[in-house]
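As a plain string of letters, each chain reads:
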Amino acid sequence: MQLHISPSLRHVTVLPAKGVREFIKVKVGSRRFSYRMVFYSLLILTFVLRFVFVLTAVDTIDGESRCSTIGCVGKRLGPRIWGRRLDSMVPDDIYNILEDNRSQDEETEVPQSLEEFVAEMKSNKSDLRTFALRLKAMVTLLEKRTRTAKIQEYLYRHVASSSIPKQLHCLALRLANEHSTNAAARLQLPAPELVPFLVDNSFFHFVLASDNVLASSVVAKSLVSNSLRPEKVVLHIITDRKTYSTMHAWFSLHPLTPAIIEVKGLHHFDWFTKGKVPVLEAMEKDQRVRSQFRGGSSAIVANNTEKPYVIASKLQALSPKYNSMMNHIRIHLPELYPSLNKVVFLDDDIVIQTDLSPLWDIDMKGKVNGAVATCLGDDKFVMSKRFKSYLNFSHPLIKQNFDPNECAWAYGMNIFDLNAWRKTNISNTYNSWLHKNLKSDLSLWQLGTLPPGLIAFHGHVHIIDPFWHMLGLGYQDNTSIADAEKAGVIHFNGRGKPWLDIAFPQLRTLWAKYVDFSDKFIKVCHIRAP
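Predicted, not measured: the structure shown is a model, and the values here were computed from it.

Thoughts on the overall build of the chain
Thought 1: When its secondary structure is counted, the chain shows 21 helices and twelve strands.
Thought 2: At a minimum sequence separation of 6, the contacts of the chain that also span at least 24 residues come to 71%.
Thought 3: Put simply, the chain shows about 30000 Å² of open surface, and 56% of that area lies on carbon and sulfur atoms.

Right, here's the structure in full:
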């Protein structure tokens, strides 16, 4: 290599050692160097070096998983420039060991915690295979324990939600005794002069079907107390024969004037006594099939292959409410109330927090059922229900007739246009699909009345604003008090009913404020405020 400097010091030429006349020419600015130039150059260089040092130090502190600095950029670009590939953080051998389903030696003691596992690996200086095998054994053990604990939780919650608390049993006995000994507890409901209003379509008619006295009292009180025109409210309460006397006694002794309250047992409806009721026949068969097909809660819990949430759904299917006539009665509303044009049906696990009279002003556009859609909303856990959430689309009968992604809707607070209903075949469709499910050994769906309701009302549903019906307060506690208080109707659907000890405490207060804990029947049965 040769170096030539021009006499003027303006050009520097570098010649390679070979004969090729390739050169690099460097042009110099002037003969003399300025001290000021040297000073500023050193100053800038010092600043740049300090900046690079700080970024490199931060990159080291951040760790190799973050790439926000020059050092990390170098790590990414370097291997690409030199044609090398970054190796995976986890060797493939570990994946192969973890995916190996062959049984391992179970005689050795499995680490019980992460700390114990790390200490064992450090003390034994284990190789990669031993590390992966011990890690897999520990995770498998903890997974089994978690599954067992989860299933036990579901079983205990099933028992707690299916049983009648002794406080409610006490209340029913006290009221039944009051009905037999106190004439005031046997007053006609409603009073004779108010009977004509029971079929007056200028009033706001609500229907509540329940065998729970305390729950019904909360629904009725919240309805009337939040109504702007309580004198126009008519509440029709339907109950069964065994609960009729207690329900009648409560509302006789606790009138909600000026609202009109009617209490009737199923045995009081002429429609039920005229002939066979299809839904009653289906319910009787359903009870027999479930007892044979399910094998009871012990058989469900003993299943070691199904996931815990599947076991939970099967346990929930054993709940007595799914075999209760109170849950199926709504499908025969046109026959039960032949003189009424429109009603709002209410479940007994709701609380009303606003005036519901505007529901009568909603244009149903010829539809039968006004309901809130359950696939739209901010709560992705509660408001994510579609047809595939309730119906078994692996069955050809369901797959051929319905769309799995069609949005579902909610029972609990529904507007029913009875005139439009009478022009359809909804009730017969409902009963027909109940029998199909029984013939298929409950393989079309498992739970209660909503799946056949989705089928029967298919094409007859008008979606209303979600303000009118907020769901999920009985099976998840992510709902805040502030959000719940903004809803017109809140629904404690799920196992955590507000009258049970397993209810979510922060949400139960929204229900408890409509219970008079100073009432003599409430106090004597030790029903206490949360």
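Some words on the sheet that holds strand E11 (residues 461-463)
Thought 1: Read from one edge to the other, the open sheet built from seven strands follows the order E6-E5-E4-E7-E10-E9-E11, with strand pairing classed as mixed. Looking at strand neighbours, the two that pair on one side only are strand E6 (260-265) and E11, the edges of this open sheet. Sheet twist, expressed as the mean angle between neighbouring strand axes with direction ignored, is 25°.
Thought 2: Where strand E9 (residues 369-371) meets E11, three bridges bridge the pair, whose relative direction is parallel. Bridge assignment links Ala 371 to a residue of E11, and that residue is Ile 463.
Thought 3: Its contacts with the sheet put helix H8 (residues 241-253) on strand E5 (233-239) and E6, and the angle it makes with E6 is roughly 160°.

A look at the environment of Tyr 390
Thought 1: Turning to its location among the elements, Tyr 390 is positioned in the loop between E9 and helix H15 (396-401).
Thought 2: Separated by 54 residues in sequence, Tyr 390 and Leu 444 place their C-alpha atoms 9.0 Å apart.
Thought 3: Excluding anything up to four places from it in sequence, Tyr 390 contacts Lys 385, Ala 408, Leu 444, Trp 445, Leu 450, Pro 451 and Leu 454.

Considerations on the nonpolar core
Thought 1: Residues Phe 206, Leu 214, Phe 251, Ile 490 and Trp 511 are the most contacted members of the largest nonpolar core, which totals 67 residues.
Thought 2: Here this core takes eight residues from helix H7 (residues 213-225), the largest share from any one element.

Regarding the state of the cysteines
The bond known as a disulfide is covalent and runs between the sulfur atoms of two cysteines.
Thought 1: Counted by the stated rule, this structure contains two disulfides.
Thought 2: Between Cys 375 and Cys 407 runs a disulfide, and the two sulfur atoms are separated by 2.1 Å. Its S-S torsion of approximately -115° makes the covalent link between Cys 375 and Cys 407 left-handed. With a gap of 32 residues between them, Cys 375 in the loop between E9 and H15 and Cys 407 in the loop between H15 and strand E10 (413-417) connect regions that are remote in the sequence.
Thought 3: On the basis of relative accessibility, which here comes to 22%, the residue Cys 407 falls in the partly exposed class.

Focus: the packing of aromatic side chains
Thought 1: Per the counting criterion, the structure on display carries 14 aromatic pairs.
Thought 2: Among the aromatic residues, those joined into a cluster by ring pairs are Trp 409, Tyr 411, Phe 416, Trp 421 and Phe 457.
Thought 3: Over the ring of Tyr 411 we find Arg 330; its NZ or CZ atom is 4.1 Å from the centre of that ring.

Structural notes on the pattern of salt bridges
Thought 1: In this structure the tally under the stated criterion is six salt bridges.
Thought 2: When the shortest N-O distance is used, the salt bridge between Arg 330 and Asp 347 registers 3.4 Å. Here Asp 347 lies in the loop between strand E7 (342-346) and strand E8 (350-352) and Arg 330 lies in the loop between helix H13 (325-328) and helix H14 (333-336), a separation of 17 residues in the sequence. Both residues of the pair, Arg 330 and Asp 347, belong to the buried class.

With respect to the packing of helix H4 (residues 114-124) against helix H5 (residues 128-162)
Thought 1: Where H4 contacts H5, the axes come no closer than 11 Å and their chain directions differ by 165°. One finds that H4 runs roughly antiparallel with respect to H5. Classified by chirality, the crossing of H5 by H4 is right-handed. Across the interface between the two elements, Leu 114, Phe 117, Glu 120 and Met 121 from H4 touch Phe 131, Arg 134, Leu 135 and Met 138 from H5.

Regarding unusual backbone geometry
For residues other than glycine, phi is negative in most cases, and the peptide bonds are mostly trans.
Thought 1: Omega for the bond connecting Leu 189 with Pro 190 falls within 30 degrees of zero, at -5°, which places this linkage in the cis form.
Thought 2: Inspection of the secondary structure puts Pro 190 in the loop between helix H6 (166-181) and strand E4 (204-209).
Thought 3: In the segment running from Thr 257 into Pro 258, the intervening peptide bond is cis, with an omega of 10°.
Thought 4: Tracing the backbone through its elements, the reader meets Pro 258 in the loop between H8 and E6.
Thought 5: For His 526, which is not glycine, the phi dihedral falls at a positive 60°.
Thought 6: Tracing the sequence through the fold places His 526 in the segment after helix H21 (520-524).
Thought 7: Judged by its relative accessible area of 46%, His 526 falls in the partly exposed class.

Observations concerning the packing of H6 against H8
Thought 1: Contact geometry of H6 with H8 gives a least axis separation of 8 Å together with a crossing angle of 75°. The angle between H6 and H8 places the two elements in the roughly perpendicular class. Together, Leu 171, Ala 172, Leu 175, Ala 176, Glu 178 and His 179 of H6 and Ser 245, Thr 246, His 248, Ala 249, Trp 250 and Leu 253 of H8 make up the contact between the two elements.
Thought 2: Residues that form the contact of H6 with H8 fall into these classes: seven nonpolar, four polar and one charged.

Here's the deal with the pairing of E6
Thought 1: Of all six residues making up E6, five are buried, and the element is well covered by its neighbours.
Thought 2: Following the chain from E5 across H8 to the adjacent parallel E6, one finds a crossover that is right-handed.

Focus: H5
Thought 1: In this model H5 runs 51 Å from its N-terminal to its C-terminal C-alpha over 35 residues, within 8% of the 51 Å that 1.5 Å per residue would give.
Thought 2: Turning to H5, its buried residues are Ala 132, Arg 134, Lys 136, Met 138, Ile 151, Tyr 154, Leu 155 and His 158.

Focus on empty space enclosed by the protein
Thought 1: This structure, assessed with the given rule, holds two cavities of 30 Å³ or more.
Thought 2: Roughly 40 Å³ of internal volume is contained in the second largest cavity.
Thought 3: Within the lining of the second largest cavity, the residues separate by chemical class into five nonpolar, three polar and one charged.

Side note on the environment of Val 524
Thought 1: Positionally, Val 524 belongs in helix H21.
Thought 2: Expressed as a C-alpha distance, the spacing of Val 524 and Leu 171, which sit 353 residues apart in the sequence, is 8.4 Å.

About the criteria used
- Residues numbered from 1 in each chain as written.
- Predicted model: local features only at pLDDT ≥ 70, side-chain atom pairs only at ≥ 80, totals over all residues.
- Heavy atoms only, no water.
- Helix = DSSP H or I, 4+ residues; strand = E, 2+ residues; numbered from the N terminus.
- Contact = heavy atoms within 4.5 Å.
- Areas by Shrake-Rupley, 256 points an atom, 1.4 Å probe, with all protein chains shown as cover.
- Pairing = 2+ DSSP bridges.
- Axes fitted to C-alpha atoms, helices over the stretch in contact; angles between N-to-C directions.
- Core = buried A, V, L, I, M, F, W, Y, C linked by side-chain atoms within 4.5 Å.
- Buried < 20%, exposed > 50% of the residue type's maximum accessible area, 1.4 Å probe, protein only.
- Disulfide = S-S within 2.5 Å.
- Phe/Tyr/Trp six-rings, centres within 6.5 Å; stacked < 30°, edge-to-face > 60°.
- Lys NZ or Arg CZ within 6 Å of the ring centre and 35° of its normal.
- Salt bridge = Lys/Arg side-chain N within 4 Å of Asp/Glu carboxyl O.
- Parallel < 35°, antiparallel > 145°, perpendicular 65-115°, else oblique.
- Left-handed = near helix turned anticlockwise from the far one by under 90°.
- Nonpolar A, V, L, I, M, F, W, Y, C, P; charged D, E, K, R; others polar.
- Right-handed = clockwise from strand over helix to strand, strands pointing away.
- Expected span 1.5 Å × (residues − 1).
- 1 Å grid on protein atoms, 1.4 Å probe; cavity = no way out; pocket = protein on both sides within 12 Å on 5 of 7 lines; lining within 4 Å.
- Points joined across faces, edges and corners; volume = space filled by probe spheres on them.

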